[in-house]
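# Chains, contacts and geometry: an overview
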Amino acid sequence: MSFEELWAAEKAAVTMRLNQAGGTGGSAPGAGTADYVVPDDELGDIGHAAYGLFNGLESAGKHANTASRTAGTSLKGEGFDLGAAFTEVNRTWETQVKTLLQACAHISNHLNYTKKSSKADDDWIEAQLRIIGPVAPGADASVPASQINKYFH
């Protein structure tokens, strides 16, 4: 099968899945339901995993950096060209570890912010919906669709 034929088959499969999204034919949510929901506890779990990776990588990265720097200095001091290579590899390693640490910190911080921001938004919407008016005991406590709709721009 040629690349073009494989590509056409993949596009057709994706188009079929997209056409089923929102309907009853696929595993996608039905019309009128949320199509992208991430529970707060999942955000927290992912953020915590990124934080754990940050901590583990930070200590392991420092250990590897120290060991390779020591080896490079020792080999270079004894006249081996390999010592200079170790030093160069060490510089590259250090840069890549720092980049990965920054990425882990960014993910962790962003997910913590998202979780807090989402909670604040939910609290604000809840407060706004309560302002609509008190509900008498035993009365229907549902909020009119016109009031809810203004929160979906």
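Note that the structure is predicted; figures quoted are calculated from it, not measured.

### As for the overall build of the protein chain
When you go through the protein chain residue by residue, the secondary structure sums to four helices and zero strands. Element order for the protein chain, N to C, with α for helix and β for strand: α-α-α-α. Relative to its full complement of 153 residues, the protein chain shows a buried share of 11%. Partitioning the contacts of the protein chain with sequence separation of at least 6, the portion at a separation of at least 24 is 52%. Element-wise, carbon and sulfur atoms account for 61% of the exposed surface of the protein chain, whose accessible area totals about 11,800 Å².

### Quick notes on the environment of Asp-45
Along the chain, Asp-45 falls in helix α2 (residues 40-77). On the basis of relative accessibility, which here comes to 53%, the residue Asp-45 falls in the exposed class. Taking the C-alpha atoms as reference points, Asp-45 and Leu-111, 66 residues apart in sequence, are found 9.4 Å from one another.

### Focus on a nonpolar patch on the surface
The grouping of Phe-80, Leu-82 and Phe-86 at the surface amounts to a nonpolar patch, some 280 Å² of accessible area in total. Among the structural elements, Leu-82 can be located in helix α3 (residues 81-131).

### Comments concerning the pattern of salt bridges
For the coordinates displayed, the defined rule picks out one salt bridge. Residue Arg-91 pairs with Glu-88 through a salt bridge whose shortest N-O separation is 2.8 Å. With Arg-91 and Glu-88 both in helix α3 and three residues apart, this pair spans about one turn of that helix. For Glu-88, a relative accessible area of 42% corresponds to the partly exposed category.

### Details of the side chain of Ser-108
By the secondary structure assignment, Ser-108 is in helix α3. The buried category is assigned to Ser-108, whose relative accessible area is 6%.

### Observations concerning the environment of Ala-105
The topology assignment puts Ala-105 in helix α3. With a relative accessible area of 25%, Ala-105 lands in the partly exposed category. Distance from Ala-105 to Asn-55, taken between C-alpha atoms, is 9.6 Å for residues 50 residues apart in sequence.

### Structural notes on the confidence of the model for the protein chain
Here the protein chain averages 76 in pLDDT, while 70% of its residues score no lower than 70. Element-level pLDDT for the protein chain is lowest in helix α4 (residues 145-149), with a mean of 68, against a maximum mean of 84 in α2. Counted against residues more than four places away or in other chains, residues 24-32, with its pLDDT under 50, gives 12 contacts.

Each value, and the rule that gives it
- Residues numbered from 1 in each chain as written.
- Predicted model: local features only at pLDDT ≥ 70, side-chain atom pairs only at ≥ 80, totals over all residues.
- Heavy atoms only, no water.
- Helix = DSSP H or I, 4+ residues; strand = E, 2+ residues; numbered from the N terminus.
- Buried < 20%, exposed > 50% of the residue type's maximum accessible area, 1.4 Å probe, protein only.
- Contact = heavy atoms within 4.5 Å.
- Areas by Shrake-Rupley, 256 points an atom, 1.4 Å probe, with all protein chains shown as cover.
- Patch = residues over 30% accessible without salt bridge, like charges linked within 9 Å, V, L, I, M, F, W, Y side chains within 5 Å.
- Salt bridge = Lys/Arg side-chain N within 4 Å of Asp/Glu carboxyl O.
- pLDDT = per-residue confidence, 0-100.

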